[in-house]
Structure formats: structure tokens, C-alpha cells
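Commentary on secondary and tertiary structure
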Amino acid sequence: MKTIIAEKPSVAREIAGLVGASDKQDGYLTGNGYFVTWAFGHLIGLGMPEDYGILGFDKSALPIIPNPFLLTVRKIKKDKGYIADPGALKQLKVIERLFNQSNSIIVATDAGREGELIFRYIYEYLKCSKSFERLWISSLTEKAIKHGFDNLKDGAAFDGLYQAARGRSRADWLVGINATQALSIAAGNGIYSLGRVQTPTLALICKRYLDNKHFSVTKYWQIQLLHNKELIDFKSISKTKWEDQKLADDTLKAIQRNETATVISVETKSVTEQPPLLFDLTGLQKEANKKLNLSAEETLNIAQSLYEKKFITYPRTGSKYIPEDVWAEIPNLVRALQDRETCKQAVSKVKWGRFNKRIVNDLRVTDHHGLLITDKIPSALNAKENEVYDMIAFRLLEALSQACIKEITDVGLQVLHYDFSAKGCKIIEAGWRSVKGSFTDDDTEPVQDLPELKKGNELKIKEASVLEKKTKPPVLYTEAGLLSAMETAGKEIENEDERKVLQNIGIGTPATRAAIIETLFARNYIQREKKSLIPTEKGLQVYDLVKDRKIADVSMTAEWELALQKIENNDADVGAFQKEMETYASTITNELLQTSIVHNLPQLVCPKCKSQQLIIRDKIVKCPDEGCSWVQFRNVCGVQIGIADIESLVNKKRTSLIKGMKSKAGKKFDAYIVLDDHCKTTFEFEKKKMK
């Protein structure tokens, strides 16, 4: 017998159907010489400090450097502590029994660093020594799975991948556990979580927020002219930007008296816009955030669901290319899209026999190739799944199309001795832009049509006006913007090797970036303000403490990723990397233990018992007297209540108007939070003004 182990039940069922294991048992399927079982993601993980006998946050125990690292069954929270997850324990017993009854194992966890770690930690925890082979696939279609089984790889070929995954896992433990405990001890008030990737990500958000907030907006004025030639209206704008409105107004009057502009230069150039490459996961998340306002996590979950339903290839990819051997399948995919109503018209724009091969590059394919649809076309998806699926399908059609060729014309004009400019654009060949019929990007202004213009032409000024403009601060990050910043964090790094690595890696990996952003929300470090991500008081407090330390520095992630890549390719020793991480964890722990957090918290007396001073934490405000037990949660209907409002609630029995709270049905509302005579909180809604 052979045991096949997948990462989750849905994938196991697909594989079981293909190998003829149709007999359902508790925790596995069997038949035709196979057991097919599954993990539920990470069943086994690194032990926590309590597994080493270190209880609570103990300054004298820091830094905690496990030797050896212990593996434990996944834990869940119960009462005030953690216990082994009963579901994980039960499934682990099933896996152990099947491993013992088998001659060999086929690993079918997701083909990537984390998938490798999920299996190897189980294998190591169960002290298994059976030989194993690796199923390495990018799609769950029948064809892909069969091809994978025909080309099973020796498990040892992925030892480098496992060493890198384990190195990453241990490094995150060493930094995360020690830095979190050290800063929390130094703070003495609540838990301040730090991490290898979450802390530099928080630093990006805080820095941008502060740059935006402290930006000094200045006004300036430009003059805009309206012209007409050959029945075409077009505009030009002054090159001068006046800082004094009166000067601009005076200039306008002089121009209005003149009534004529002279063309002093005409420059026309042809611009070739190559089609976009396929989506990698981060690219899809950015696009879905911009167009559909989906969070990175929502997009990942939708893509994962589409993958498990066999409609798209493996979504957790960092590549935008496909290998040469996948190219032969592309015409079938395009043909299949003709049966999808939303894609029919777009498919008709693609030139058969002239597919653009720019997406084919064996050297640029990482664990998995760029996102593709499969030849199974969906018919019954929910609205969001349909939108994300169409994004992937349209991107494939665009990527296969020819370049878009534009003619860009820059015109220089002069009125009196003032210079003006006009820009025009003509589409020569629509190419890939015809797929969606959109000829400019969302973030650029549409470019106007210009008539035929020659140097020396005199143009009448139909209208002239002064436009008031403002300098713009750096924009706050949206989730799409943050994903871009995480992806290209290497731009500011001086070391060339590190910069090259980060060009393709940035902070985190495509598979983990969504989880990092969600962690920052869960820690109450960031919040959403419309589409923007902004730090909370707590987030800014943490940033202020760590901004000059190495833990907030993206270059550290670059160094680690560089080392992990070398380990993955068997070019570096994982032991040396771990020693370096242990030294680093010790340094950061000692640094953080010497910091101090100044708590500017008000002294508030409990409104119920009128005797105890309230304890204020970032998630809760409570009376320390258990007999009184007055408590107020700081997150109310999805909105974090600030210190000023807590103070107002306790002292004046009501907060200011809290905006943007969400009901259970998902409807937004604004209300005051008020304390009634029994010290219970209720909502008071604004009285609608009579019209």
C-alpha cells in the first residue's frame, strides 16, 4: 500500500477519485492499493515558550533560544490557556496509522515552501522513516494530476526547499517570540507583537501616514487655454506655475487681450506599449483591491476556492510567466473561453495564429507559473468569484495580444512671452488594449485628440481661465498600494545583491502578504479609513519605538531572503543561518528591554463602583474589582474607540458621534455610545434635522 497525503480534504478527494481510492473511511479514502489522507494546513508547529517550561513573560528567561526546537500539535485557545486541537490530534493518529501500514508515501501537499513544511513537520513529529516521493503540480485538473503522477520526484530532491522552510519558520519564531516578549515587558501594559515581516510592513504604513499628515500643502495657479482647429476642441496649459494668484490673474488679462497663441514646436513620437504579463498572486490582489475593493485576504480566499473547483491554476504563485511546455495548452484555454458569455467579445479581439509569446520564460518560473484559467469553464459562481475569474481570463487574453502602438504628440505654444503645452494621443494599433476597450490606465488622465498642427500656426484662444491647484501629499496606502510597496521594498536598499533579491521578493512572499496585513488589523496596529490603511495610536506607538531599529528595516528581510534562497538551492548552510538568527534575536531582545513606553493614559474612576481606577488596555477597559466587574470593549461594531471617547464615556456618560460602525447585517451606521443609569452601554442615534 501507498499513502498519499494532501494539504486539505478537498484536494485529497480530487486525487482519490483519480487513483481509484473510492472507499470513504474516517479521515481518509482507500482503494486500488492507496490510502489517501490529508492534513488541515499546519497540523504540527514549533512549540511555544510554555512547552519549554517558560510560563508568562519572564525577563530573566529572555532571550529564549530553543535547543533543540520542539514540535507540537497545533493548539487552540481554551479558557486562559492553550490546549492541543482535538481535530488535529485525531487526524494525526489517522496519518500515523496509515504511514505504518504503507510501504511508501506520496507527498501531495501544495507545491511550495509552506506545503513542504506542512508534510515534513508531520513526518518528523511521527518519527517516520518510510521513503517518500513528491507530487509537484500547478493545477488540480485531471490532466495535470495524471501528468504529476507519471513524473513523481524523489522526496530528497526537495531537501533544500524543506531546509529553507524550516529556517524561515525558526527565524520567525526566534524574532517574533523574543521581540514581542521583550517589548511587552518594557511596556508593562498589554502585549506588543513584533515580527520579521509584520514590523517592517507596519513601518511602511506609519511612515507614509506621518509623511502625509505633516505634508505642507501649498497652492499654485496655472492658466488653461481652449483652442479650436478643424472642428476639434483642445486645451493647453501654462508651463509657469504662479505662487501668487494676483500675478496669475494679471497675466490672464494680458493673454485675453492678445487672443492668439503661436505654435512654436510639434514633436510626434511612436510609443509601443507591451501587453501586461500574467497575474501573479500579488498582482491579482492589487487589481482586485483597485477595481473591486477586495482585501488581499478576500482575493486569496476567492482564488483558492476557484483553484479547488479546478477553474484556475495554483494561485499562490510569485511568477508572471509560463514554461515552454505549457505554451501548447494555451490555444485550448482561449477556445474554451468562447463558451463564457462575459468573455466572448474579448476572445473575438484576439488574433489567432499571432499569439504573443512574451509570457513564455522557463527561467522566470518559480515554484509555480503565472495564473491561468483551466479548460474547465465555470457556470455557477457567486458574484465576486465571477469577477475575479474574469480578471484572470481577461489578463490571459491581453497577455496573448500584440503590443498597443500609440502616437504621442507634444505641442509647444507661446502667448506673449508665456509658454504653454498641449499633449495629444492617437491609437495606431489597439493591440492588447482592444480586449477591454480601455486605452488609458485608471490613474492617468485621458489624453485628448489634437488636430494637424505645424510650427508657426496661429491659434485663436476661445477661452482662457486660471486654475487653482494644490501640491499633493504622498497618498495614504490602500491595500493595493501597500502590496506594491511590500513587493518593491528593495528600491531603497543600497546593497546591490540585496536589492536584486528584493526586486522579486520584497517583504514577505506572495503567499503570506495577505496574512501579514490581516495580522496588523488583528493586533490593532492599523485600521481602514474608507479605502486607506492608517495606523492606530498603538501602531504609531510601536513604530515610534522601533523605527530606527533593525527589526523595522526591510533590508533585514532582504538578507534573510537571500540566505533562504541559497539554502533552497543547496548553496548555503541552514545551521549557519540559524546561528546568525540566534545572535540577532539576542541583540534585538536586549535593545527592546531597554526601551520604555510612555503611557499618556488618563486616570479614570470606575463609573459603576465609583472607587477603583480603571485598567485601560488596547482591547478593553475594565474595573480591577471582580465584585464590580464593569467592562467596556474598545472595538464596537468594527470601530476602535479612542482614548478621548473612553474618557468622555466614563466622565460625561457619552462619547462623541462614532461614525462607520457596522451592524450584524453589514449596514453602516453612526451613533453616540451612552452609559445608562445601570452603567450599561447603549446607542443613541442622531436626531434627523427637519428639512
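Residues numbered from 1 in each chain as written. Predicted model: local features only at pLDDT ≥ 70, side-chain atom pairs only at ≥ 80, totals over all residues. Heavy atoms only, no water.

The condition that has to hold: UniProt positions are given in the numbering used here, feature names are shortened, and annotations may be inferred rather than shown by experiment.
The name an unreviewed UniProt entry gives the protein is DNA topoisomerase, with Pedobacter antarcticus 4BY as the organism. The record held by UniProt for the protein lists under Catalytic activity (unreviewed entry) the comment "ATP-independent breakage of single-stranded DNA, followed by passage and rejoining." Heading Sequence similarities (unreviewed entry) of the UniProt record for the protein holds this comment: "Belongs to the type IA topoisomerase family."

1. So, the overall build of the protein
For clarity, the threshold we go by: Put simply, DSSP marks the helices as runs of H or I at least four residues long and the strands as runs of E at least two long, and each gets a number from the N terminus on. Throughout this description, buried means an accessible area under 20% of the type-specific maximum (1.4 Å probe, protein chains only), exposed means over 50%, and partly exposed covers the range between. Each accessible area value is a Shrake-Rupley result obtained with a 1.4 Å probe; residue values ignore everything except the protein chains displayed when judging cover. Charge counting treats Lys and Arg as positive and Asp and Glu as negative, with His and both chain ends excluded. Every charge is mapped to an atom, namely NZ of Lys, CZ of Arg, CG of Asp or CD of Glu.
When you go through the protein residue by residue, the secondary structure sums to 20 helices and 28 strands. Along the three orthogonal principal directions, the C-alpha set of the protein runs to about 90 × 75 × 55 Å. Of all 691 residues assigned to the protein, the portion counted as buried reaches 48%. By element, 48% of the accessible surface of the protein is carried by carbon and sulfur atoms, the whole surface being about 34,800 Å². Charged side chains in the protein number 101 positive and 91 negative. The centres of these two groups are separated by 4 Å.

2. Quick notes on the pairing of strand S10 (residues 131-134)
The two faces of the sheet receive side chains in turn, since in a regular strand these alternate between them. Let me state the cut-off plainly: Should DSSP find at least two bridges between two strands, the strands are taken to pair. Handedness rule for crossovers: strands pointing away from the viewer, path from the first strand over the helix to the second running clockwise, crossover right-handed.
The side-chain alternation of S10 yields one buried face, formed by Phe 132 and Arg 134, and one unburied face, formed by Ser 131 and Glu 133. Sheet topology places strand S9 (residues 104-108) next to S10; 4 bridges connect them, and they run parallel. If you follow Ile 105 over to S10, its bridge partner there is Phe 132. Crossover connection from S9 via helix H3 (residues 113-125) to parallel S10: handedness right-handed.

3. Some remarks on the packing of helix H5 (residues 159-187) against helix H19 (residues 574-593)
To keep it simple, the criterion reads: Simply put, an axis is a line fit to the C-alpha atoms, just over the touching stretch for a helix, and the angle between two N-to-C directions goes from 0 to 180 degrees. Each angle is binned into one of four classes, with values under 35 degrees roughly parallel, values over 145 roughly antiparallel, values of 65 to 115 roughly perpendicular, and all other values oblique. Gly is put with the polar residues, along with every residue not named as nonpolar or charged; the nonpolar set is Ala, Val, Leu, Ile, Met, Phe, Trp, Tyr, Cys and Pro, and the charged set is Asp, Glu, Lys and Arg.
One way to put it is that H5 packs onto H19 with a least axis distance of 8 Å and a crossing angle of 10 degrees. In terms of axis orientation, H5 runs roughly parallel to H19. Each residue belonging to the contact of H5 with H19 can be placed in one class, and the counts come to 15 nonpolar, 5 polar and 3 charged.

4. Considerations on helix H1 (residues 9-19)
Listed in full, the buried residues belonging to H1 are Pro 9, Ser 10, Val 11, Ala 12, Ile 15, Ala 16 and Val 19. Looking one or two places after H1, you find Gly 20, whose phi comes out positive at around 85 degrees.

5. Quick notes on helix H16 (residues 513-522)
Using the following cut-off: Regarding the arc, it is the one traced by the directions from the helix axis to the C-beta atoms. Note on contacts: a residue pair is in contact if any heavy atoms of the two residues lie within 4.5 Å.
Considered for burial, the residues of H16 that qualify are Arg 513, Ala 514, Ile 516, Ile 517 and Leu 520. Summarising the axial view, the buried residues of H16 lie within an arc of 165 degrees, below the 170-degree limit, and thus occupy one face. Buried residues belonging to H16 abut helix H6 (198-213), helix H8 (281-292), helix H9 (296-308), helix H14 (479-487) and strand S19 (526-529). After H16 finishes, the residue Asn 524 shows a positive phi value of roughly 60 degrees.

6. Digging into the pattern of salt bridges
Worth spelling out the cut-off: Whenever a carboxyl oxygen of Asp or Glu lies within 4 Å of a side-chain nitrogen of Lys or Arg, that contact is scored as a salt bridge.
The full count for this structure, using the stated rule, is 35 salt bridges. Where Glu 287 meets Lys 291, a salt bridge forms, and the shortest distance between an N and an O atom there is 2.7 Å. Taken together, the positions of Glu 287 and Lys 291, both in helix H8 and 4 residues apart, correspond to about one turn of that helix. Relative accessible area serves as the criterion here: at 14%, Glu 287 is assigned to the buried category.

7. Observations concerning the sheet that holds strand S13 (residues 232-238)
Pairing within the open sheet is antiparallel, and its 7 strands lie in the order S17-S14-S15-S16-S13-S12-S18. This sheet does not close on itself; its edge strands, each paired only once, are strand S17 (458-460) and strand S18 (463-470). Put simply, the sheet's adjacent strands are angled 35 degrees from each other on average, direction ignored. Taken together, the 6 bridges between strand S12 (residues 219-229) and S13 define a ladder with antiparallel strand orientation. Bridging across to S13, Leu 225 finds its partner in Ser 236.

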